[in-house]
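# Structural description and commentary
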Amino acid sequence: MKFVEVHVVQNLPPSALNRDDTGRPKAVVWGGVERVRISSQAQKRATRLLFRELALVPEEERAVRTRRAEALLEGALGGLKEEERKPLLKALFQALGLKLKEEKGVLLSEYLLFLGEKEARALAEAALRHKEALLAFAKAREEAEEKKKRKAGSGELPKEALEDLKRAFGVSLEVALFGRMIADLEDQGVDGALSVAHAVGTTADPVDEDYFTAVDDLVRGQGAAGMIEARGFAAGTVYRYAVLDLGELSDLVGKERALLGAKALLKAFPLALPGGAKRAFAHYGEPEFVLVRVGEGLPRNLAKAFARPVEANGEDPALASAKRLLAYMDRLDRVYGKPRSEGLGAVSLFEEPLPVPLYEGFDRLTEEVLGWAERLL
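What this report covers is the structure whose coordinates are included nearby. (Residues numbered from 1 in each chain as written. Predicted model: local features only at pLDDT ≥ 70, side-chain atom pairs only at ≥ 80, totals over all residues. Heavy atoms only, no water.)

### Brief notes about the overall build of the chain
- Tallying secondary structure elements over the chain gives 12 helices and 12 strands in all.
- A principal-axis box enclosing the C-alpha atoms of the chain has dimensions of 75 × 70 × 35 Å.
- Classification of the 377 residues of the chain by burial places 48% in the buried group.
- At a minimum sequence separation of 6, the contacts of the chain that also span at least 24 residues come to 74%.
- Roughly 19300 Å² of accessible area belongs to the chain as shown, and the carbon and sulfur atoms make up 49% of that amount.
- Each charge sign in the chain was given a centre, from 57 positive and 60 negative side chains, and these centres are 4 Å apart. (Helix = DSSP H or I, 4+ residues; strand = E, 2+ residues; numbered from the N terminus. Buried < 20%, exposed > 50% of the residue type's maximum accessible area, 1.4 Å probe, protein only. Contact = heavy atoms within 4.5 Å. Areas by Shrake-Rupley, 256 points an atom, 1.4 Å probe, with all protein chains shown as cover. Lys, Arg positive; Asp, Glu negative; His and termini not counted. Charge placed at Lys NZ, Arg CZ, Asp CG, Glu CD.)

Set out below in structure tokens:
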């Protein structure tokens, strides 16, 4: 595999940025102690949202995940009245083998669809080109269902129309990165080139409870508390890891777009944190240490460096974790060998030197990494 790895060590202030179904911050017991955890899904969504906020991915390369089929395609179908649009959408999804249902006047797909914005427009435009054929197809299907039988050829969409609809499915950069599964259209599924691990605490940090009251402004003295509640929160140091299969991404979208995807990942992933309970904790902030490795071979998630929790003993826990991470990586390299065509660099908020090439600024490191990635491709 030709890969770009991003390793992040970060101190988290008190926060509840990724919670379970009970509202408790996600955690894991590992090495006999409870640690903070941030799910892979939450990190990927935060990364994708930051792509937009920082304008790292052009509009035509973005994708939308939604069940709201009508909203997804309404841009190109906006010229149709609702009484024309809904039947056409139903016929379109039926022709593609996708199920729709209507709730409170809103058309919803059976499950979340992840489509590039350019793909959605192309699909809607193809539906308009074959409007009459789609409506005739849906009507014939409905009549056949009413008779509880299907005659050969009844309600079949012309082959050229179906092929045109399927051609609308492309692969935007975000779909190529994050992947797409469409159970009823397996040939349109995409295995994403980006893998993101669940972030795990490097230190032993159990979840705590925040007991709080909300005071009624118009009540004085005892009984002023209008609400009493308790919510979980945690603070700790986490290790986050993502790896981009650069070769697979290049095969999906070409070298130039693959390098754009690598740049977006490098700029966004280290800064991307889920926004859960951000109003209550304001957990914003950059990581203390970011290590990037470019190479060819087997990628290495270094989370096992923290199977035994870090005890900082007066040292900044992120610095102690970064030292542990680099020592573990060095041992792996000596025992199993280094990846081929390697580029390795890091940025650190600490003045203390570390046994890795350190760059003055994050932008400078990103430029260097993109050069390594381009040569690797």
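### Considering the nonpolar core
- Formed by 44 residues in total, the largest nonpolar core has its most connected members in Val4, Phe51, Leu177, Leu194, Leu244, Leu249 and Val369.
- Residue contributions to this core peak at seven residues, all from helix H9 (residues 255–268).
- Membership of the second largest hydrophobic core comes to 31 residues, among which are Ala95, Leu115, Leu165 and Leu185. (Core = buried A, V, L, I, M, F, W, Y, C linked by side-chain atoms within 4.5 Å.)

### What about the side chain of Ser250?
- Turning to its location among the elements, Ser250 is positioned in helix H8 (residues 246–253).
- We classify Ser250 as buried; its relative accessible area is 17%.
- When sequence neighbours within four positions are dropped, the list of residues in contact with Ser250 reads Lys255, Ala258 and Leu377.

### What to know about the sheet that holds strand S4 (residues 63–68)
- Read across the open sheet, the three strands follow the order S4-S6-S5; overall the sheet is antiparallel. Looking at strand neighbours, the two that pair on one side only are S4 and strand S5 (100–103), the edges of this open sheet. The average angle at which neighbouring strand axes cross in this sheet is 35°, direction not considered.
- Sheet topology note: the S5/strand S6 (residues 106–116) ladder contains four bridges and is antiparallel. Looking across to S6, one finds that Glu102 is bridged to Leu107.
- Helix-sheet contacts for helix H4 (residues 117–129) involve S4 and S6, and the interaxial angle to S6 is about 125°. (Pairing = 2+ DSSP bridges. Axes fitted to C-alpha atoms, helices over the stretch in contact; angles between N-to-C directions.)

### As for the pattern of salt bridges
- Per the counting criterion, the structure on display carries 19 salt bridges.
- Of the charged contacts in the structure, one is a salt bridge between Asp164 and Arg129, with a shortest N-O distance of 3.1 Å. Taken together, the residues span a long stretch of sequence, with Asp164 in helix H6 (residues 159–167) and Arg129 in helix H4 at a distance of 35 residues.
- Arg129 gets classed as exposed once you look at its relative accessible area, which sits at 53%.
- With its nearest N and O atoms 3.1 Å apart, the salt bridge here joins Arg231 to Glu229.
- In this structure Arg231 comes out as partly exposed when scored by relative accessible area, which is 44%. (Salt bridge = Lys/Arg side-chain N within 4 Å of Asp/Glu carboxyl O.)

### Things to note about the environment of Ser195
- One can find Ser195 in strand S7 (residues 194–196).
- For the pair Ser195 and Tyr241, spaced 46 residues apart in sequence, the C-alpha to C-alpha distance is 8.6 Å.
- Among all residues touching Ser195, those that are not within four sequence positions of it are Tyr241, Ala242 and Val243.

### Overview of the pairing of strand S11 (residues 289–296)
- Judged by how many residues are buried, S11 sits mostly within the fold: seven of eight residues are covered.
- Two strands pair when backbone bridges link them, and strand S1 (residues 2–15) and S11 are joined in this way by eight bridges, in the antiparallel orientation. Counted as the bridge partner of Val6 is Val292 from S11.
- One ladder, built from seven bridges, connects S11 with strand S12 (residues 340–348); its direction is antiparallel. Bridge pairing in S12 places Val294 opposite Gly343.

### A look at the pairing of S1
- Counting buried positions along S1 gives 10 out of 14 residues, so the element sits mostly inside the fold.
- Examined bridge by bridge, S1 and strand S10 (residues 225–245) share 11 bridges and lie antiparallel to one another. Directly across from Gln10, in S10, lies its bridge partner Val238.

### What to know about H6
- Along H6, the residues that are buried comprise Ala161, Asp164 and Leu165. Along the axis of H6, the buried residues cluster in a sector spanning 100°; they form a single face. Counted as exposed and oriented over 90 degrees from the buried face of H6: Lys159, Glu160 and Arg167. (Arc of directions from axis to C-beta.)

The values reported here are purely geometric and, on their own, carry no functional implication.
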